[in-house]
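Chain residues, written in single-letter form:
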Amino acid sequence: MGVRGLHGFVGSSCPQVCTEVNFRELAEQHRSEHPGRAPTIVVDAMCCLRYWYTPESWVCGGQWKEYFSVLEDFVRTFTAAGIRLVFFFDGMVEQDKRDEWVRRRLKNGREIARIFHYLRAHGEQPGRSMFFIPSGLAVFTRFALKTLGQDTMCSLQEADYEVAAYGRQNGCLGILGEDTDYLIYDTCPYFSISELCLDSLTTIMLCRQKLCASLGLSLPDLPLLACLLGNDIVPEGTFETFRYKCLSSYTSVRENCDKKGSVVFAVADHISKVLRSHQGERKLEEMLPLGPNKALFYKAMASYLLPGQKSPWISQTPKAVTTLDKQEVPMSSDPESKQEVPTNLEPEIKQQVTMVSDTEILEVARARHVQAESYLVYSILTSGEVECSNTLEDALDRALPSQAFVYRPVRQRVYSLLLADGHGGAGSCPAVREWFVYPGNPLRHPDLVRPLQMSLPGGTPSLRQLWLSQEPGAQAQRVEVLLACLDLSASREELQALESPFRTLCCLLIYLFMQVTAAPCPVSRGEVLRHLCLAPGREHQPFAELVR
């Protein structure tokens, strides 16, 4: 993640950027400088999943109780030090980063194939060096942290942007994560999660000011450096020829600096000595080989500008703005600059075209999304596009279908529920674009998945009825809709007899039992339900005891 080669460069060629710090000492200093304001760390949760997941077992699906205790300990330690935590999770994949998302998913697929090859060859789980995050860990973590009373947010755009913006706007103690983009944003200090020692609350701070001093750059130059090196928007190969031209003309000799490190120094040297000497006189596209990538390059540059920030490399124009939660951010330079932004650079957010027209419903969905209380719903309502990353599935095992197909009928009914209001019923609803990873899917384009009509007494209720109604029968109607989505309406009475905490679990088990079968199922769902819920001679024993 982040800027190509920058993490390795800092570690091998620019170690002075890294400083060991103690969070307890930083928090005490923060309290003395800002009385009455609790020291706050913004946590990029997606970067922390590997650090948090320490249980030995991971191939078989995850040790959730043990994992929850790790999260609990993490939160308790920071709370004891008087440090408030705010967690951010990825909520959207921006279109400009879809290609990068696909590249990573295909890479993950190759890693998963190696895991299953090891399992077949050795009959045991591979070591930590082949560790892959258990399926569903990110979603589970959101709700686990909320259960622990933590401020948990889900992003409306790239999470690292919102993390950086939140940290800057709220005067936070720093950002805890593992993404070199945080060295590029002009925001609060950046701390490494991988170097965190929880017992002592010490870690490594990566200082962007020291990075600039080492490279002969200023803070506003860092986005330009990031784009020339390659990041999540600008592919690494885009400026490969340019970088090696910089390297060939770079005459400084540095000890203990490998070729990759020399490339970073060479590009920085070109920025400071060549590009900066013509700043304000010539446009960037006249000094750099942008070619057909001009619009993408400027948009990538703008993606590092937080609300209220300006760049000397991007000229002022009313249209050249980026947004965070609808806040316009001028991407301007010195007002006296004579540069002009290329006419095809339009990173502004235009009037959003959504899949539904009810603004109140959209606001409710948006609020629940931001507060990490729902999953995928807002994306479906606004863009009609969703994605699901890799799961631990054996591509060579044809006996079991992929989870993408197992749960597709449920998603189709949910799509019908979400989109029917604005399109006169499920039959006229547009298809939803699914970017779901499954064996054999090259991810060149999304699958177009049609909503599936549900059969409900009285018809499909509106989202207003389901989400906003306070009528006495509203909750019963919500349960009815849930069962219909799982095609379990016929088992309503048996399921309602179960204790509430286990009703959802039993619904899931029945759905899987009925859906995942290599041959026609010889038993009825009523029989399945009785087998799952009751054991011979223990009919009156609570289900909670039977599943322990």
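Everything quoted here is computed from the prediction, not taken from an experiment.

With respect to the helices, strands and loops of the structure, Tyr161 is situated in helix 7 (residues 159-169). Between the C-alpha atoms of Tyr161 and Tyr182, which are 21 residues apart in sequence, the distance is 8.9 Å.

In total, this model carries zero disulfides according to the counting rule given. Cys188 provides the cysteine sulfur closest to Cys172, a residue in no disulfide bond, and the two sulfurs are 5.5 Å apart.

This brings us to helix 6 (residues 137-147). What sets the pattern is the α-helix's 3.6 residues per turn: residues three or four places apart point alike. Restricting attention to buried positions, one finds in helix 6 the residues Leu137, Ala138, Thr141, Arg142, Ala144 and Leu145. Those residues of helix 6 that are buried are in contact with helix 3 (45-52), helix 4 (64-80), strand 3 (84-89) and strand 4 (151-154). Phi turns positive one or two residues past the end of helix 6, at Gly149, with a value near 80°.

Its location among the elements puts Ser214 in helix 8 (residues 208-215). Within the structure, the side chain of Ser214 is placed 2.9 Å from the backbone oxygen of Lys210, a separation counted as a polar contact.

Let's shift gears to the pattern of salt bridges. Applying the stated rule across the entire model yields 23 salt bridges. Ionic pairing is found between Arg464 and Asp358, a salt bridge with its closest N-O pair at 2.7 Å. A residue pair is termed long-range when its members are at least 10 positions apart, and Arg464 in helix 18 (residues 463-468) and Asp358 in the loop between strand 9 (327-330) and helix 14 (359-370) qualify at 106 residues. You can call Arg464 partly exposed: its relative accessible area is 36%. With a relative accessible area of 24%, Asp358 lands in the partly exposed category. Overlapping salt bridges, with partners in common, bring together Arg4, Glu100, Arg103, Arg104 and Asp232 in one network.

Thresholds, definitions, all that
- Residues numbered from 1 in each chain as written.
- Predicted model: local features only at pLDDT ≥ 70, side-chain atom pairs only at ≥ 80, totals over all residues.
- Heavy atoms only, no water.
- Helix = DSSP H or I, 4+ residues; strand = E, 2+ residues; numbered from the N terminus.
- Disulfide = S-S within 2.5 Å.
- Buried < 20%, exposed > 50% of the residue type's maximum accessible area, 1.4 Å probe, protein only.
- Contact = heavy atoms within 4.5 Å.
- Polar contact = N/O pair within 3.5 Å; in protein donor to acceptor, adjacent residues only side chain to side chain.
- Salt bridge = Lys/Arg side-chain N within 4 Å of Asp/Glu carboxyl O.

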